[in-house]
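This is what each chain is made of:
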Amino acid sequence: DLANFVTKTVAMMRSFHDLDAATLHAISVPVLVMAGDRDVITPEHEAELARTVPHGELAIFPAAEHGEYIGAAESPHPGARLLAHGIETIETFLGE
């Protein structure tokens, strides 16, 4: 069921071990770090990630939980509330 899936996904994200700084510094392509301000991962951590990657950009979506800004099925509130803004952010990042 979806609730069980969400619980397991959150547990997996919370136990994830970050890549080391040297690996992140070696990424040579632009990276868009997207998160909700109510995401499982804190905005402070997302900002640090965007600063560590040489060509990192950060997009924090207000009043959004994990994946809500891309319409993820596992988000607590899937749907179109932030989807258009998430797509616009990605398109702007990609230069489309």
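Residues numbered from 1 in each chain as written. Predicted model: local features only at pLDDT ≥ 70, side-chain atom pairs only at ≥ 80, totals over all residues. Heavy atoms only, no water.

Draft legend 1. Representation of the confidence of the model for the protein in the model. Across the protein, pLDDT averages 87, with 92% of residues at or above 70. Per-element confidence in the protein ranges from a low mean pLDDT of 85 for helix α1 (residues 2-15) to a high of 95 for strand β2 (residues 56-61). (pLDDT = per-residue confidence, 0-100. Helix = DSSP H or I, 4+ residues; strand = E, 2+ residues; numbered from the N terminus.)

Draft legend 2. Molecular detail of α1. With 14 residues, α1 extends 20 Å from end C-alpha to end C-alpha; this agrees with the ideal 20 Å at 1.5 Å per step. Among all positions of α1, only Thr9, Val10 and Met13 are buried. Viewed end-on, α1 has its buried residues packed into an arc of 100°, placing them on one side of the element. Facing away from the buried side of α1 by more than 90 degrees, the exposed set consists of Thr7, Lys8 and Met12. One side-chain oxygen of the residue at the start of α1 lies 3.1 Å from the amide nitrogen of alanine 3, identifying that residue as aspartate 1. (Expected span 1.5 Å × (residues − 1). Buried < 20%, exposed > 50% of the residue type's maximum accessible area, 1.4 Å probe, protein only. Arc of directions from axis to C-beta. Polar contact = N/O pair within 3.5 Å; in protein donor to acceptor, adjacent residues only side chain to side chain.)

Draft legend 3. Structural context of the pairing of β2. Pairing of strand β1 (residues 31-36) with β2, which is carried by six bridges, proceeds in the parallel orientation. The residue of β2 that forms the bridge with alanine 35 is isoleucine 60. In the classification by handedness, the crossover that spans β1, the intervening helix α3 (residues 43-52) and the parallel β2 is right-handed. (Pairing = 2+ DSSP bridges. Right-handed = clockwise from strand over helix to strand, strands pointing away.)

Draft legend 4. Just the layout of surface pockets, in detail. Computed from the structure, the largest pocket encloses a volume of approximately 460 Å³. Lining the largest pocket are 17 residues, with Phe16, Asp18, Ile41, His45 and Leu49 positioned closest to its centre. Among the elements that make up the lining of the largest pocket, the one with the highest residue count is α3 (five residues). Class assignment of the residues belonging to the lining of the largest pocket gives a composition of 10 nonpolar, three polar and four charged. (1 Å grid on protein atoms, 1.4 Å probe; cavity = no way out; pocket = protein on both sides within 12 Å on 5 of 7 lines; lining within 4 Å. Points joined across faces, edges and corners; volume = space filled by probe spheres on them. Nonpolar A, V, L, I, M, F, W, Y, C, P; charged D, E, K, R; others polar.)

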